[in-house]
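Chains, contacts and geometry: an overview
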Amino acid sequence: MSSNFILLIILFILLVAIGGKRGFKTFISTFINFILLFMMIILISKKYNSIKVTVIFSIVIVAFTLFFVNGINKKTLSALLSVSFAMIITLLITYSIGINAKLQGFSQEETEAFSHLSTDIQLDFIKIFTVQVFIGLLGALIDVSIGISSSMNEIHKNNPKIHTRALITSGMNIGKDVIGTMTNTLLFAFIGGFLSLAIYLSKFEYSFSTLINNKIICSEIFQILCSGIGIVLIVPITTYITSKILNLSFRKPKNIVKKT
């Protein structure tokens, strides 16, 4: 039995033991999302437009994750719309700036490692790099959005007559607390991904300026900054959309006076 399979079993047991039915749904959704991501990679490798494929599959993944685990309700609908808007804005920013950054493709170290392989894959690496940045951010966007919308939904349930401005203020305050922790979470995740390589490069006693301008490290910094932008954007977007959806269904129709 492989170590990965053992870890998978441990994860499943912990999810079911602690999360119960919702934990089981989380495990199933994670497995299906893995399949969807694999299908997305296959379509991109078949030279379909990577940006369009990513947008379509991301919306499907977000919708399935939210609705399957948390059910179809106002908070999940708000989160879906919020993530979709934030996703499109972040993709546009990442792609437009990524063109000038010229961080796509392989670095010198990676080129040496793949020197025996063919590099004529005929794919737009600017789009591939944009997809890479966004996929790393997608889970964080879902977490922040559903966290804010769920909290605002509870506030609205306890006080249905709350003013829209007060509800928005509460949502923004919740979002401010989430921004700091989630941004640091992304920072640690990205740094952990290339930590061994950074240590490897430092053994050659490169100068700090050489390391900081290395394509691999620059791409990681670029991903961290773009992810931070996405996390910041999702807060006001989710707050505004959730406040509108929560108040929309509670509007009472005006009384119609019948003529006698």
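Our structure is the block above this text.
Presented here is a report on the structure given in the accompanying data block. Everything numeric in this text was worked out from a predicted model, so none of it was measured. (Residues numbered from 1 in each chain as written. Predicted model: local features only at pLDDT ≥ 70, side-chain atom pairs only at ≥ 80, totals over all residues. Heavy atoms only, no water.)

1. As for the environment of leucine 36
Cut-off, in case you're wondering: The helix count covers DSSP runs of H or I at least four residues long, the strand count covers runs of E at least two residues long, and both are numbered beginning at the N terminus. The rule is simple: take the accessible area with a 1.4 Å probe, protein chains only, and divide by the maximum for that residue type; under 20% is buried, over 50% is exposed, in between is partly exposed. By the convention used here, residues are in contact when the closest approach between their heavy atoms is within 4.5 Å.
In this fold, leucine 36 is placed in helix α1 (residues 3-45). Taking relative accessible area as the criterion, leucine 36 reaches 14% and is therefore assigned buried. For the pair leucine 36 and valine 60, spaced 24 residues apart in sequence, the C-alpha separation works out to 8.7 Å. Aside from chain neighbours lying at most four places away, what touches leucine 36 is Phe57, Val60 and Ile61.

2. Observations concerning the side chain of serine 243
Examined against the element boundaries, serine 243 turns out to sit in helix α8 (residues 215-248). Ignoring anything within four residues of it in the chain, the contact list for serine 243 reads Met152, Thr164, Leu167 and Ile168.

3. Points about the pattern of salt bridges
Side chains that differ in charge, positive against negative, can pair when their charged atoms come close. Selection rule: Here a salt bridge means any side-chain nitrogen of Lys or Arg lying within 4 Å of a carboxyl oxygen belonging to Asp or Glu.
A full pass over the atoms with the stated rule returns 1 salt bridge. Across the pair lysine 157 and glutamate 154 runs a salt bridge whose closest N-O atoms are separated by 3.8 Å. Here lysine 157 and its partner glutamate 154 are both found in helix α5 (residues 125-158), 3 residues apart, which amounts to about one turn of the helix.

4. Side note on α1
Residue pairs spaced three or four apart in an α-helix point in one direction, given the helix's 3.6 residues per turn. Condition: Take the residue count of a helix, subtract one, and multiply by 1.5 Å to get its expected span. Note that the bend at a residue is defined as the angle between axes fitted to the seven residues ending at it and the seven residues starting at it.
Spanning 43 residues, α1 covers only 29 Å between terminal C-alpha atoms, well under the ideal 63 Å at 1.5 Å per step. Largest kink in α1: about 145 degrees, centred on glycine 19. Taken together, the buried positions of α1 are occupied by Gly23, Phe27, Ser29, Asn33, Leu36, Met40 and Ile44. Remark: lysine 47 follows α1 within two positions and exhibits a positive phi of approximately 75 degrees.

5. Regarding helix α2 (residues 50-70)
Quick reminder of the rule: Pairing of N or O atoms within 3.5 Å defines a polar contact, subject to two protein rules: one partner must be a possible hydrogen donor and the other a possible acceptor, and residues neighboring in sequence count only if both atoms are side-chain atoms.
Across its 21 residues, α2 extends 29 Å between first and last C-alpha, which sits within 8% of the 30 Å expected from 1.5 Å per residue. Of the residues making up α2, those classed as buried are Ser50, Val53, Thr54, Val55, Phe57, Ser58, Ile61, Val62, Ala63, Thr65, Leu66 and Val69. Its side-chain oxygen placed 3.1 Å from the backbone nitrogen of isoleucine 51, asparagine 49 serves as the N-cap of α2. Of the residues trailing α2, glycine 71 is marked for its positive phi of about 85 degrees.

6. Side note on the side chain of serine 149
For serine 149, the location among the structural elements is in helix α5. Here the side chain of serine 149 touches isoleucine 146 through a polar contact of 3.2 Å, landing on its backbone oxygen. Those residues in contact with serine 149 that sit more than four places away from it in its chain are Lys75, Ser78, Ala79, Thr238 and Thr242.

7. A closer look at the nonpolar core
For soluble globular proteins, nonpolar side chains are generally found buried alongside one another. Our working definition: Remark: nonpolar core denotes a set of buried residues (Ala, Val, Leu, Ile, Met, Phe, Trp, Tyr, Cys) joined through side-chain atoms within 4.5 Å.
The biggest cluster of nonpolar side chains holds 41 residues, and the ones touching the most others in it are Val62, Leu66, Leu138, Leu141, Val144, Ile231 and Ile234. Of all the secondary structure elements, the ones that give two or more residues to this core are α1, α2, α3 (74-101), α5, α6 (164-202) and α8. Examining the composition of this core, we find that 11 residues originate from one element, α5, more than from any other. Among residues more than four places away in sequence, those in contact with leucine 141 are Val83, Phe134, Gly230, Ile231 and Ile234.

8. Notes on the packing of aromatic side chains
The following threshold applies: Only Phe, Tyr and Trp rings take part, Trp by its six-membered ring, and two of them pair if their centres are within 6.5 Å. Stacked means planes under 30 degrees apart, edge-to-face means over 60, and tilted covers everything else. Charge over a ring is defined by NZ of Lys or CZ of Arg lying within 6 Å of the ring centre and within 35 degrees of the ring normal.
Inspection of the entire model under this criterion finds 3 aromatic pairs. Ring centres of phenylalanine 12 and phenylalanine 24 lie 6.1 Å apart, and the angle between their planes is 75 degrees; this geometry places the pair in the edge-to-face category. The class for phenylalanine 12 is partly exposed, based on a relative accessible area of 29%. A centroid spacing of 5.0 Å and a plane angle of 10 degrees characterise the contact between phenylalanine 64 and phenylalanine 68, whose relative ring orientation is stacked. Taken together, the residues span about one helical turn, with phenylalanine 64 and phenylalanine 68 both in helix α2 at a distance of 4 residues. Overall, the relative accessible area of 23% leaves phenylalanine 64 in the partly exposed class. When its relative accessible area of 30% is taken as the criterion, phenylalanine 68 is described as partly exposed. Through a chain of ring-to-ring contacts, three or more aromatic side chains come together here, namely Phe12, Phe24 and Phe27. The residue whose ring lies beneath lysine 25 is phenylalanine 68, and the NZ or CZ to ring-centre distance is 5.9 Å.

9. A closer look at unusual backbone geometry
In the Ramachandran plot, lysine 47 falls in the positive-phi region, its phi being about 75 degrees despite a non-glycine side chain. Take lysine 47: it is sitting in the loop between α1 and α2. According to the relative accessible area criterion, lysine 47 is partly exposed, its value standing at 49%.

The quantities given are spatial measurements derived from coordinates; they are silent on function.
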